[in-house]
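Chains, contacts and geometry: an overview
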Amino acid sequence: FRRVLFRSWVLFTAIPVLCSAWFLGGIPTGWTAYAPLSLQAGPGMNSFIATIIIFAVSTAVAGANITATVVAMRTKGMKWNRVPIFVIGATISVALAIPAFPTFMLSQIQTAMDRMFATGFYDAHQGGSGWLYAHLFWIMGHPEVYVILLPGVAILMELTPVFVRKPLFSYNAAVLGFAGIAGLSVLVWAHHMYIAGWSPALNGPFMVTTEMISVPTGLLFLVILGTLWRGRPWMKVPMLGTFAFLWNFIIGGITGIYLSDVPADNYLHGSMFVTAHFHYTLMGAALTGAVAGLSYWFPKMTGRMMDEKGSLVAFWLTQIGFNILFLGMFIA
């Protein structure tokens, strides 16, 4: 419990640090904070660097705490094949975060050293390379998508059997899908650098690993479809989240296959197509799963039922607005 409190307070400590950037000239590099642009930015960049370091410490503590709890503190008789699928998804998620986020923290420590001590990690005039930053960022950046996405999908797998009134279709396939995504997600980062000019000979291997990740992802999709097959869905708001996930995630998944292909990505890179794909994949699964889980567990957490009509209005406003915005980006 003390470790949970420590992680929470460390995380919340980062919020005022990040907000201080507004008063120090902002963060002009965009969300990736690419070097060498970050080396030339004003003092607001220091707030960003400190925020990422604090956040990475919080993530490491949380990941170690959750993993140790699940591994060592399961109740008597709860073997691995009896652990709830949500716990499996969350554990694999934090296990993926533990090696991913330190690379981002390292990139910011090196940025800080370049800014304060002129060490030259990313300064080409001193023998450094901006590509080094890109690698460190995307080694974190792509697994991070699945760190956020996996718990959302696991939530939907937890609640769908309840509202369909039948067991989860192939628990083992779901676990295999989660593990496959985690394993392959650390081998795909350079697809973000297809057109950067870095080692074109490696575009092919990274294209293959990127396309391969659609296999375990599709397995999770099929597990949910199999659970729905011949079920009797109780169409409450949490169950609607499952159908919204299927719609949104299949759009995100299919469009991702185009972006994994080098010739297609050469044309689509930097366009609204990429933005739309990213949001259908990440928010279409993670946000939908989180909202469905909130409405599902809210009565257990508070002892009060949510208003069904208000929940339906919120659900449809969110889904209609989401699809109008990001389907429009594909057209744009």
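Cut-off values and rules
- Residues numbered from 1 in each chain as written.
- Predicted model: local features only at pLDDT ≥ 70, side-chain atom pairs only at ≥ 80, totals over all residues.
- Heavy atoms only, no water.
- Helix = DSSP H or I, 4+ residues; strand = E, 2+ residues; numbered from the N terminus.
- Rg over C-alpha atoms; globule rule 2.2 N^0.38 Å.
- Buried < 20%, exposed > 50% of the residue type's maximum accessible area, 1.4 Å probe, protein only.
- Contact = heavy atoms within 4.5 Å.
- Areas by Shrake-Rupley, 256 points an atom, 1.4 Å probe, with all protein chains shown as cover.
- Lys, Arg positive; Asp, Glu negative; His and termini not counted.
- Charge placed at Lys NZ, Arg CZ, Asp CG, Glu CD.
- Expected span 1.5 Å × (residues − 1).
- Axes fitted to C-alpha atoms, helices over the stretch in contact; angles between N-to-C directions.
- Parallel < 35°, antiparallel > 145°, perpendicular 65-115°, else oblique.
- Nonpolar A, V, L, I, M, F, W, Y, C, P; charged D, E, K, R; others polar.
- Bend = angle between axes of the 7 residues up to and from the residue.
- Core = buried A, V, L, I, M, F, W, Y, C linked by side-chain atoms within 4.5 Å.
- Phe/Tyr/Trp six-rings, centres within 6.5 Å; stacked < 30°, edge-to-face > 60°.
- Left-handed = near helix turned anticlockwise from the far one by under 90°.

**Points about the overall build of the protein chain**
Per the secondary structure count, the protein chain includes 12 helices and zero strands. A compact globule built from 332 residues would reach a C-alpha radius of gyration of about 20 Å, and the protein chain, at 21 Å, matches this within 12%. Structurally, the protein chain occupies a C-alpha span of about 65 × 50 × 40 Å along its principal axes. Taking all 332 residues of the protein chain together, the buried fraction comes to 46%. Nonlocal contacts in the protein chain, meaning residues at least 24 apart in sequence, comprise 75% of its contacts between residues at least 6 apart. Of the roughly 17000 Å² of accessible surface on the protein chain, 73% is carried by carbon and sulfur atoms. If you average the places of the 16 positive and of the 9 negative side-chain charges in the protein chain, the two averages end up 24 Å apart.

**Topic: helix α5 (residues 130–164)**
Residue pairs three or four apart in sequence face the same way in an α-helix, which turns once every 3.6 residues. With 35 residues, α5 should cover 51 Å at 1.5 Å per step; its first-to-last C-alpha distance of 51 Å lies within 8% of that length. For α5, the buried fraction is high: 27 of the 35 residues fall into the buried class. Following α5 by one or two positions, R165 adopts a phi angle in the positive range, close to 70°.

**Some points on the environment of I92**
The topology assignment puts I92 in helix α4 (residues 85–117). Measuring from C-alpha to C-alpha, the distance between I92 and P151 comes to 8.8 Å, with 59 residues separating the pair along the chain. Among residues more than four places away in sequence, those in contact with I92 are L150, V175, F178, A179 and A182.

**A word on the packing of helix α9 (residues 237–260) against helix α12 (residues 308–331)**
Packing of α9 against α12 leaves a shortest axis separation of 11 Å and a crossing angle of 5°. When the axis of α9 is compared with that of α12, the two are roughly parallel. Every residue of α12 that contacts α9 at V237, L240, G241, A244, W247, N248, I251 and T255 is listed here: E308, S311, L312, F315, W316, Q319, F322, N323, L327 and F330. Residue composition of the contact of α9 with α12, by class: 11 nonpolar, six polar and one charged.

**Digging into α4**
The first and last C-alpha atoms of α4 sit 48 Å apart over 33 residues, in line with the 48 Å expected at 1.5 Å per residue. Its maximal kink placed at I98, α4 deviates by approximately 35°, while the proline P99 follows within four residues.

**Structural notes on the nonpolar core**
Nonpolar side chains tend to gather and get buried jointly when the protein is soluble and globular. Residues I85, V153, M157, F178 and F245 are the most contacted members of the largest nonpolar core, which totals 67 residues. Secondary structure elements with two or more residues in this core: α3 (44–72), α4, α5, α6 (171–185), α7 (203–212), α8 (214–228), α9 and α11 (272–302). Take this core: its biggest share by element is 19 residues, from α5. I251, L259, L268 and F326 belong to the second-largest nonpolar core, a separate cluster that totals 10 residues.

**Quick look at the packing of aromatic side chains**
A full pass over the atoms with the stated rule returns 22 aromatic pairs. Relative to F137, the ring of W31 lies with its centre 5.6 Å away and its plane at 65°, an arrangement referred to as edge-to-face. Residue W31 is found in the loop between α1 (2–19) and α2 (37–40), and its partner F137 is found in helix α5; the two are separated by 106 residues along the sequence. Relative accessible area serves as the criterion here: at 59%, W31 is assigned to the exposed category. Judged by its relative accessible area of 1%, F137 falls in the buried class.

**Overview of the packing of α8 against α9**
Contact pair α8 / α9: the axes reach a minimum separation of 11 Å and the direction vectors enclose 140°. Two packed elements cross with a definite hand, and for α8 against α9 that hand is left-handed. The segment α8 lies against α9, with T217, F221, I224, L225 and L228 engaging M239, T242, F243, F245, L246, F249 and I250. When the residues that make up the contact of α8 with α9 are grouped by side-chain class, the tally is 10 nonpolar, two polar and no charged.

**Focus on the environment of A190**
Structurally, A190 can be placed in the loop between α6 and α7. Residue class for A190 comes out buried when judged on its relative accessible area of 3%. Put simply, A190 and L202 are 12 residues apart on the chain and 8.5 Å apart in space, counted from C-alpha to C-alpha. Leaving out residues up to four positions away in the same chain, A190 has contacts with W198 and F206.

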